[in-house]
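# Coordinate inspection notes
Below are the chains, spelled out letter by letter.
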Amino acid sequence: MITVESLTKTYGGFRAVDDVTFTARPGRVTGFLGPNGAGKSTSMRVMVGLTPATSGHTTVCGRSFADLPNPGREVGVLLDASAQHAGRTGREILTIAQRTMGLPRTRVEEMLDLVSLTPSEADRRVRNYSLGMRQRLGIGTALIGDPDVLILDEPANGLDPAGIRWMRDLLRGYADQGATVLLSSHLLHEIEVIADDLVVIGNGRIVAQGTKAELLASAGTLVRTRDVPGLSAALTAAGVANTESSAMGGRDTLRVEAEAEVVGTIALDARIALLELRAAEGAGLEEMFLELTADNQREITAADQGEAA
Amino acid sequence: MTTIAMSPDPVVPRDRAPFPPIPFGRLVSVELRKCFDTRAGFWLMASIGITALLATGAVLLWAPDDEQVYSSFAAAIGIPMTVILPIIAVLSVTSEWSQRNGLTSFTLVPNRNRVIAAKGAVTLGIAIVSMLVAMAIGAVGNVAGSAILGIDPVWDATFTDLSLIVLAQTLGMFVGFMLGVVIRHSAGAIVAYFVYSFVLTGLTQLLAETQQWFRDIQQWVDFNYAQSALFNGSLTSTQWAHLGVTSVIWLVIPMALGLWALMRSEVK
């Protein structure tokens with residue numbers, strides 16, 4: 001169990017994480033989804049005590065991370081697979097973790113087997129590792145203490161398709177045994193396949209959260225028309241929430257929080273011709289993700305023309 | 001696959017006994033291991049013995065016959081030690097940041113004070129053991145030198161002399177350690193150590209020669225100067241006081257400030 005309550009982290013005037021609250025539950029894989037720079041990594045660093053929070057707090061296994069007597073036994077953490085001493089061998093890095101946690105020596109070999117690093121690879125220095133090998137080693141380091149909670153930042157980075165499949169099955173297995181798995185990604189398909197719950201973050205703020213099923217169901221209806229302001233006004237007058245959407249690639253689309261029939265009836269009453277009307281749920285998570293973060297992305301572009309969003 | 005009507009906690013978490021805290025001794029042994037487990041670290045440690053041998057050989061070969069005495073060997077071996085030991089201390093701290101393995105270290109042990117304290121204990125141990133090794137190598141050199149000359153070996157350094165030299169080297173090593181804690185960057189901290197121990201020494205000497213006011217207070221503010229007494233045999237109580245006061249100024253206070261900042265810093 002991981003809880004994050006009203007977490008805020010500011011750097012000078014910049015709010016990297018802005019009032020983030022969510023819970024990652026045992027037995028479930030929670031996907032922490034957001035574009036680059038959304039505040040995922042900062043939030044995760046706060047959870048494991050590497051970055052002090054400006055306000056709010058986080059708990060892991062019911063306690064503040066810093067109060068865990070032997071954190072590696074309860075929480076497996078992988079924040080950056082490249083953050084290892086380049087001159088150490090893979091086996092040595094696992095050995096240091098094994099000794100720090102006070103585990104039997106055999107755990108090192110078990111982990112090397114689990115993450116499929118061959119003995120010759122394990123004896124190579126990490127500077128000669130590919131990103132995928134570093135990622136495997138990092139996952140091994142996170143799992144060596146047999147923890148009940150996993151916090152993994154972009155664990156799929158650098159893995160080949162077979163590796164991604166392997167990791168997905170591994171994490172699924174952990175969650176099915178009752179572990180809490182929190183993993184971040186900007187790769188929507190990866191999260192969509194594995195996660196039970198989703199927390200979507202953009203510009204430091206949570207823009208959506210819930211079970212994957214809920215989020216897909218609540219995606220509403222997409223409607224395309226040449227008279228966007230007119231339809232929007234009619235919908236609003238009828239008390240139906242709607243927002244402009246770029247989900248269909250143009251500026252002529254509204255996303256409406258209502259059934260297609262309701263939208264069609266309102267449009268008919270307002271005598272507005274529709275070009276397209278359909279449920280948004282089939283559009284998948286990617287569309288929802290782009291939509292949810294689109295407003296934030298535009299703000300960045302408007303405020304800071306020089307920087308690519 | 002997943003059903004929507006799932007209870008909030010479908011799986012009962014494993015019931016495990018609470019884990020005992022990580023004992024300090026274990027952290028010390030891990031930190032000691034980390035000093036040796038890279039090529040750079042290994043050769044840096046090995047260089048203690050290697051340079052001690054080279055220095056001993058140099059005295060055997062080139063020192064005049066009447067200087068084939070133990071104090072010559074001890075002095076010659078001391079020179080490389082003043083360079084190598086502080087670098088070992090610097091790197092033991094700064095590699096956590098420069099190599100970024102601090103991300104793992106401080107996640108496995110969130111109380112950073114304990115990690116730094118373990119590193120401090122290892123630093124102290126390395127200082128003492130390496131000086132004992134160096135002195136033993138010097139003693140072998142002294143025996144060899146007098147055997148070559150066909151005279152009795154001259155042991156002109158007392159236990160007190162040697163203890164004071166160990167203390168001086170340990171202080172130097174902890175200056176390196178302190179700079180590592182304050183600067184947290186390998187190259188920066190090593191450069192700072194050389195500036196402190198070599199450039200600053202010359203500057204304070206110059207200042208003392210030209211400025212009366214500085215000459216008056218030098219022994220109370222110049223750590224290098226106060227330490228130099230350690231290489232000249234026993235210290236008077238005033239000299240101990242100088243050493244104490246200057247070590248507070250140059251070692252204890254910056255270390256405390258550095259630790260304070262380190263605890264609050266962000267590990268990236």
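Residues numbered from 1 in each chain as written. Chains lettered and ligands numbered in written order. Predicted model: local features only at pLDDT ≥ 70, side-chain atom pairs only at ≥ 80, totals over all residues. Heavy atoms only, no water.

### Describing the overall build of chain B
From N to C terminus, chain B includes 10 helices and zero strands. If you list the helices and strands of chain B from N to C, you get α-α-α-α-α-α-α-α-α-α. The globule rule puts the C-alpha radius of gyration for 268 residues at 18 Å, and the 24 Å found for chain B is more than 25% above it. Its C-alpha atoms put chain B at 95 × 50 × 30 Å along the principal axes. Evaluated residue by residue, chain B yields a buried proportion of 47% over its 268 residues. Contacts in chain B between residues far apart in sequence, at least 24 positions, make up 75% of those at least 6 positions apart. In chain B, which carries 14 positive and 15 negative side-chain charges, the distance between the mean positions of the two groups comes to 22 Å. (Helix = DSSP H or I, 4+ residues; strand = E, 2+ residues; numbered from the N terminus. Rg over C-alpha atoms; globule rule 2.2 N^0.38 Å. Buried < 20%, exposed > 50% of the residue type's maximum accessible area, 1.4 Å probe, protein only. Contact = heavy atoms within 4.5 Å. Lys, Arg positive; Asp, Glu negative; His and termini not counted. Charge placed at Lys NZ, Arg CZ, Asp CG, Glu CD.)

### Brief notes about the interface of chain B and chain A
Taken together, the 39 residues of chain B in the interface contact 48 residues of chain A. Carbon and sulfur atoms supply 54% of the area that chain B and chain A bury against each other, a total of about 3800 Å² over both sides. Counting across the interface, chain B meets chain A through four salt bridges. Of the charged contacts, one joins Asp37(B) and Arg88(A) as a salt bridge, the two residues approaching to 2.7 Å between their closest N and O atoms. Between chain B and chain A we count 14 residue pairs in polar contact (both at pLDDT 80 or more) in total. Contributing elements (two or more residues each) for the side of chain B that touches chain A: α1 (24-36) and α4 (102-108) of chain B. (Buried area = accessible area lost by both parts, 1.4 Å probe. Salt bridge = Lys/Arg side-chain N within 4 Å of Asp/Glu carboxyl O. Polar contact = N/O pair within 3.5 Å; in protein donor to acceptor, adjacent residues only side chain to side chain.)

### With respect to the domain arrangement of chain A
For chain A, the assigned domains are domain 1 (2-210) and domain 2 (219-303). Measuring from the centre of the C-alpha atoms in domain 1 of chain A to the corresponding centre in domain 2 of chain A gives 36 Å. (Domains from an automatic or database assignment.)

### So, unusual backbone geometry
Its identity as a non-glycine residue notwithstanding, Asp19(A) has a phi of 55°, on the positive side. Assignment of secondary structure puts Asp19(A) in strand β2 (residues 14-24).

### Things to note about the sheet that holds strand β6 (residues 149-153) of chain A
All names here are of chain A. Taken together, six strands build an open sheet; the order of strands is β5-β6-β7-β3-β8-β9 and the sheet is mixed. Of all strands in the sheet, those with a lone pairing partner are β5 (75-78) and β9 (205-211), marking the two edges. On average, each strand axis in the sheet is tilted by 10° relative to the strand beside it, whichever way the strands run. Of the pairings in the sheet, the one linking strand β3 (residues 29-33) to strand β8 (residues 197-202) comprises four bridges and is parallel in character. Bridge pairing in β8 places phenylalanine 32 opposite valine 199. On the sheet, helix α7 (residues 161-176) packs against β3, β6 and β7 (180-185) and is oriented at approximately 145° with respect to β7. (Pairing = 2+ DSSP bridges. Axes fitted to C-alpha atoms, helices over the stretch in contact; angles between N-to-C directions.)

### Notes on the confidence of the model for chain B
Averaged over chain B, the pLDDT score is 90; the fraction of residues at 70 or greater is 94%. Confidence over residues 1-10 of chain B falls short of pLDDT 50; this stretch has six contacts with residues more than four positions distant or in other chains. (pLDDT = per-residue confidence, 0-100.)

### Remarks on the sheet that holds β2(A)
All names here are of chain A. Here we have three strands laid out as an open sheet, ordered β2-β1-β4, and antiparallel in their pairing. With partners counted over all chains shown, the strands left at the sheet margins are β2 and β4 (55-60), one partner each. Pairwise comparison of adjacent strand axes, ignoring direction, gives a mean angle of 20° for this sheet. Sheet contacts for helix α1 (residues 40-47): β1 (2-11), β2 and β4; angle to β1, the most-contacted strand, approximately 115°.

### Structural notes on the side chain of Thr42(A)
Examined against the element boundaries, Thr42(A) turns out to sit in helix α1. Judged by relative accessible area, which is 11%, Thr42(A) ranks as buried.

### Section: α1(B)
Since one α-helical turn is 3.6 residues long, residues separated by three or four positions face the same way. Relative to the 18 Å expected for 13 residues at 1.5 Å per residue, α1(B) spans 19 Å between its end C-alpha atoms, a close match to the ideal helical length. Of the residues making up α1(B), those classed as buried are Leu27(B), Val30(B), Glu31(B), Lys34(B) and Cys35(B). Looking down the long axis of α1(B), one finds its buried residues gathered within 150° of arc, a one-sided arrangement. Lining the buried residues of α1(B) we find α3 (90-101) of chain A together with α2 (39-62), α3 (70-98), α4 and α5 (112-149) of chain B. (Expected span 1.5 Å × (residues − 1). Arc of directions from axis to C-beta.)

### Quick notes on the nonpolar core
In globular proteins that are soluble, nonpolar side chains generally tend to be buried together. Among the nonpolar cores identified, the biggest contains 140 residues, and Ile88(B) and Ile126(B) are the most heavily contacted of them. The residues contacting Ile88(B), other than those within four sequence positions of it, are Leu44(B), Met45(B), Ile48(B), Ile126(B) and Met173(B). Membership of the second largest hydrophobic core comes to 13 residues, among which are Val223(A), Leu231(A), Val256(A) and Ile272(A). (Core = buried A, V, L, I, M, F, W, Y, C linked by side-chain atoms within 4.5 Å.)

### A look at the pattern of salt bridges
Residues and elements named next belong to chain A. By the definition in use, this model includes 24 salt bridges over all chains. A salt bridge links glutamate 276 to arginine 224; the shortest N-O distance between them is 3.0 Å. One end of the pair, glutamate 276, is in strand β13 (residues 274-279); the other, arginine 224, is in strand β10 (residues 221-225), with 52 residues separating them in the sequence. Through salt bridges with shared partners, a single network forms among Arg224, Asp252, Glu276 and Arg278.

### Focus: a nonpolar patch on the surface
Residue and element names in this part refer to chain B. On the surface, Leu32, Phe36, Phe42, Trp43, Ile50 and Leu54 cluster together to form a nonpolar patch covering roughly 610 Å² of accessible area. Elements supplying a minimum of two residues to the nonpolar patch: α1 and α2. Top contributing element to the nonpolar patch by residue count: α2, with four residues. In this structure, leucine 54 sits in helix α2. (Patch = residues over 30% accessible without salt bridge, like charges linked within 9 Å, V, L, I, M, F, W, Y side chains within 5 Å. Areas by Shrake-Rupley, 256 points an atom, 1.4 Å probe, with all protein chains shown as cover.)

### Quick look at the side chain of Lys212(A)
All names here are of chain A. Looking at the secondary structure, you find lysine 212 in helix α9 (residues 212-217). Buried charge without a salt bridge: lysine 212, with aspartate 196 as the nearest opposite-charge side chain at an N-O distance of 6.1 Å. Looking at lysine 212, its side chain comes within polar contact range of the main-chain oxygen of glutamate 192, at 2.7 Å. Within the structure, the side chain of lysine 212 is placed 3.3 Å from the backbone oxygen of alanine 195, a separation counted as a polar contact. Discounting residues that sit within four places of it in the chain, lysine 212 has contacts with Glu192, Val193, Ala195, Asp196, Asp197 and Leu198.

### Some remarks on the environment of Gly90(A)
All names here are of chain A. Tracing the backbone shows glycine 90 in helix α3. Residue glycine 90 is classed as buried on the basis of its relative accessible area of 0%. Sequence separation between glycine 90 and leucine 112 is 22 residues, and the spatial gap between their C-alpha atoms is 8.8 Å. Every residue in contact with glycine 90, bar those within four places of it in the chain, is listed here: Ala122, Arg124, Val126, Tyr129 and Leu137.

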